[in-house]
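Structural features, examined
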Amino acid sequence: MIELSNVHKSFGSNEVLKGITASIEKSEVVCIIGPSGSGKSTILRCINGLESYDSGDILVEGTKVDNKAPSIVAIRTQVSMVFQRFNLFPHRTALENVVEGPIYVKKEPPAEALERGRALLAQVGLAEKADAHPGQLSGGQQQRVAIARALAMQPKAILFDEPTSALDPELVGEVLGVMRKLADDGMTMVVVTHEMGFARDVADRVLFIDGGVIVEQGAAKSVLNAPQHARTQDFLHRVLHPL
Amino acid sequence: MQNFLRDAVEFMPILLQGVWLTVVVTIGSLLLSTVLGLLWALMRVSGIRVLTGLSAGLINVIRGIPIIVLLFYLYFVMPDFGVALTALQASIIGLGIAYSAYQAENFRAGIEAIDKGQIEAAQTIGMGWWLTMRRVVLPQAVRIVLPPYGNVMIMMLKDSSQASTITVAELALQGKLIASSTFKNTSVFTLVALMYLTMSIPLILLVRHFENKAKRK
């Protein structure tokens, strides 16, 4: 449902994506791993048009992603995004954050949206926090609200940009738990992550990216347990055995 | 002191008529400057080069012209172009335009202080530019903008006295008229100063309230 072919992207003279070709099928969970600065987040940001790309094609369900074209709004409502730093709206409650898109973008009747919003908060285990403001929530709770906000758009896929990297270690599990449940329910997910355990257990496929190219890809277990490429081996060694 | 009190009782009714016009000019030009300032600020952050340039140019032109010259222009020059304004209209429009430049810079600073992640989050749920401004950016920017906005209100109150130069009989002009006909300069101008101060105090308290509120966030 998401196709990237030969995508190039530069920031000034720094080429961060040097020809990325990949496709993500419906209901597939794909984890993108790699060293920082390798272009992982940029791929996600290009898929929903937060960044433009210089050449190549990105198609979402056959529609070319072009953040200057009106079609970008439809693509964004189909492909939600969860950010590393949550980016909840601090002036609105958890429930208001969740229903903002349905009511103001999709023009759903508020009563329906609110009912669905409460159900989504319950789904991520935060039914009782509906009226709390983001400032009153822990990082893990904020990220779960952000996931509920993404789900509220009834997207066909969700992009996760290092969703647990800003969390205290003891809060990582609750967020990964929610994501695992989504994967089990058949949500299409592209996850940039450093959580190798999550990638191994939940992902169908892993892409290892370094220097703006896909160095290695394949079934999660084979890439993570038996990497073929020296750069993948080196990266995994450093991540799994930091000392 | 006794003389002063006697003068105060005598002149107060006339001065209060001036206070009324001072309030009208202040509120009128405050509203106009807010609307125009917001418009310039939104043009400035629109990302559309023509609008950004136009806004920056306008702000610099407005900032570079003294308020008093702007007032003279509206009141004495515009009739030559077939636009006759009353003194009150000219003073509200003149002060409103003059202050719109400062309001715009204040609003722009508030808008640009909002974290970029907020705008991205709004975009990823499909919000367009205007909806992002209305639902996400402006409600958060208000908190940042309010304390300086309060200061603009105080400056506006005092600068409304410039309307006297184009015959608006507000507080300062009423005072000047009484003083020149009675020669009781000390009593009259002390009264005028006290009345401006009295009107400023609630605004000063309001600014402090805004500042405390912004700090608590």
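All values derive from a computational prediction rather than experimental measurement.

1. Section: the sheet that holds strand 10 (residues 213-219) of chain A
Residue and element names in this part refer to chain A. Pairing within the open sheet is mixed, and its six strands lie in the order 6-7-8-3-9-10. The sheet is open, and its two borders are formed by strand 6 (79-82) and strand 10, each paired with just one other strand. Put simply, the sheet's adjacent strands are angled 15 degrees from each other on average, direction ignored. With five bridges connecting them, strand 7 (residues 157-161) and strand 8 (residues 188-192) associate as parallel partners. Bridge pairing links Leu 159 to Val 190 in strand 8. Strand contacts of helix 5 (residues 139-152): strand 6 and strand 7, with the helix running at about 170 degrees to strand 6, the strand carrying the most contacts. Across the face of the sheet, helix 6 (residues 169-184) comes into contact with strand 3 (29-33), strand 7 and strand 8 while running at roughly 145 degrees to strand 8.

2. Points about the packing of helix 4 (residues 87-112) of chain B against helix 6 (residues 129-159) of chain B
Residues and elements named next belong to chain B. Their axes nearest at 8 Å, the elements helix 4 and helix 6 cross at an angle of 140 degrees. Relative to helix 6, the element helix 4 lies oblique. The way helix 4 lies across helix 6 gives a crossing that is right-handed. The segment helix 4 lies against helix 6, with Leu 95, Tyr 99, Gln 103, Asn 106, Phe 107, Gly 110 and Ile 111 engaging Met 133, Val 137, Leu 138, Ala 141, Ile 144, Val 145, Pro 148, Tyr 149, Val 152, Met 155, Met 156 and Asp 159. Here the residues of the contact of helix 4 with helix 6 are counted per class, giving 15 nonpolar, three polar and one charged.

3. Brief notes about the interface of chain B and chain A
Taken together, the contact between chain B and chain A spans 19 residues of the former and 21 residues of the latter. The largest contributions to the chain B side of the interface with chain A come from Thr 124, Ile 125 and Arg 135 of chain B, which together make up 39% of the buried area. Seen at the junction of chain B and chain A, the total is two salt bridges. Between Arg 45 of chain A and Glu 120 of chain B there is a salt bridge, with its nearest N and O atoms 2.6 Å apart. On the surface where chain B and chain A come into contact, there are seven residue pairs in polar contact (both at pLDDT 80 or more). Elements with a contribution of two residues or more to the side of chain B that touches chain A: helix 5 (116-124) and helix 6 of chain B. The greatest single-element share of the side of chain B that touches chain A, amounting to eight residues, is contributed by helix 5 of chain B. For the side of chain B that touches chain A, the class distribution of residues is seven nonpolar, six polar and six charged.

What counts and what doesn't
Residues numbered from 1 in each chain as written. Chains lettered and ligands numbered in written order. Predicted model: local features only at pLDDT ≥ 70, side-chain atom pairs only at ≥ 80, totals over all residues. Heavy atoms only, no water. Pairing = 2+ DSSP bridges. Helix = DSSP H or I, 4+ residues; strand = E, 2+ residues; numbered from the N terminus. Axes fitted to C-alpha atoms, helices over the stretch in contact; angles between N-to-C directions. Contact = heavy atoms within 4.5 Å. Parallel < 35°, antiparallel > 145°, perpendicular 65-115°, else oblique. Left-handed = near helix turned anticlockwise from the far one by under 90°. Nonpolar A, V, L, I, M, F, W, Y, C, P; charged D, E, K, R; others polar. Buried area = accessible area lost by both parts, 1.4 Å probe. Salt bridge = Lys/Arg side-chain N within 4 Å of Asp/Glu carboxyl O. Polar contact = N/O pair within 3.5 Å; in protein donor to acceptor, adjacent residues only side chain to side chain.

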